[in-house]
Amino acid sequence: MILETPRISVVIPTYNNGPLVRRAVRSALTQTQPPYEVIVVDDGSTDGTAEQLKTEFPDQITYHWQPNGGPSRARNTGVRLSTGDW
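Criteria and thresholds
Residues numbered from 1 in each chain as written. Predicted model: local features only at pLDDT ≥ 70, side-chain atom pairs only at ≥ 80, totals over all residues. Heavy atoms only, no water. Helix = DSSP H or I, 4+ residues; strand = E, 2+ residues; numbered from the N terminus. Rg over C-alpha atoms; globule rule 2.2 N^0.38 Å. Buried < 20%, exposed > 50% of the residue type's maximum accessible area, 1.4 Å probe, protein only. Core = buried A, V, L, I, M, F, W, Y, C linked by side-chain atoms within 4.5 Å. Contact = heavy atoms within 4.5 Å. Axes fitted to C-alpha atoms, helices over the stretch in contact; angles between N-to-C directions. Parallel < 35°, antiparallel > 145°, perpendicular 65-115°, else oblique. Left-handed = near helix turned anticlockwise from the far one by under 90°. Nonpolar A, V, L, I, M, F, W, Y, C, P; charged D, E, K, R; others polar.

Caption draft 1: Inspection of the overall build of the protein chain at higher detail. The number of helices and strands found in the protein chain is three helices and three strands. Starting at the N terminus, the α and β elements of the protein chain follow one another as β-α-β-α-β-α. Its C-alpha atoms give the protein chain a radius of gyration of 13 Å, near enough to 12 Å, the size a compact globule of 86 residues would have. Dimensions of the protein chain, computed from C-alpha atoms along their principal axes, come out at roughly 50 × 25 × 15 Å. Within the protein chain, the fraction of its 86 residues that count as buried is 33%.

Structure below.
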């Protein structure tokens with residue numbers, strides 16, 4: 001019996017935290033078992049977070065911007081956008 005590795009989606013909400021979210025993305029991407037996808041939901045940042053992420057991870061993450069609505073809304077948006085098994 002061959003077990004398939006589950007497709008893991010990582011959802012990272014952020015708000016005006018460019019350097020810290022870049023560190024979180026790097027950490028997710030360098031795990032022993034890399035995630036199927038990394039989704040960063042930017043909850044209305046005004047500090048250049050988008051540019052920082054698009055420069056460092058142009059093809060490695062899914063980036064989504066939305067007007068500020070709080071961390072719960074950002075997490076829920078990320079879960080809706082995810083396509084992994086977990």
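Caption draft 2: Summary view of the nonpolar core. Listed in full, the 11 residues of the largest apolar core are I12, V21, V25, A28, V38, V40, A50, L53, F57, I61 and Y63. Mapped by element, the contributors of at least two residues to this core are α1 (18-29), β2 (37-42) and α2 (49-56). Ranked by the residues each element gives to this core, the list is headed by α1, at three residues. Beyond its immediate chain neighbours, meaning those up to four positions away, A28 contacts V10, P35 and V38.

Caption draft 3: Just the packing of α1 against α2, in detail. For the pair α1 and α2, the least separation of the axes is 9 Å and the interaxial angle reads 30°. Looking at the two axes, α1 sits roughly parallel to α2. Seen along the crossing, α1 lies across α2 with a hand that is right-handed. Across the interface between the two elements, G18, P19, V21, R22, V25 and R26 of α1 pack against T49, Q52, L53 and E56 of α2. Residues belonging to the contact of α1 with α2 are distributed by class as follows: four nonpolar, three polar and three charged.

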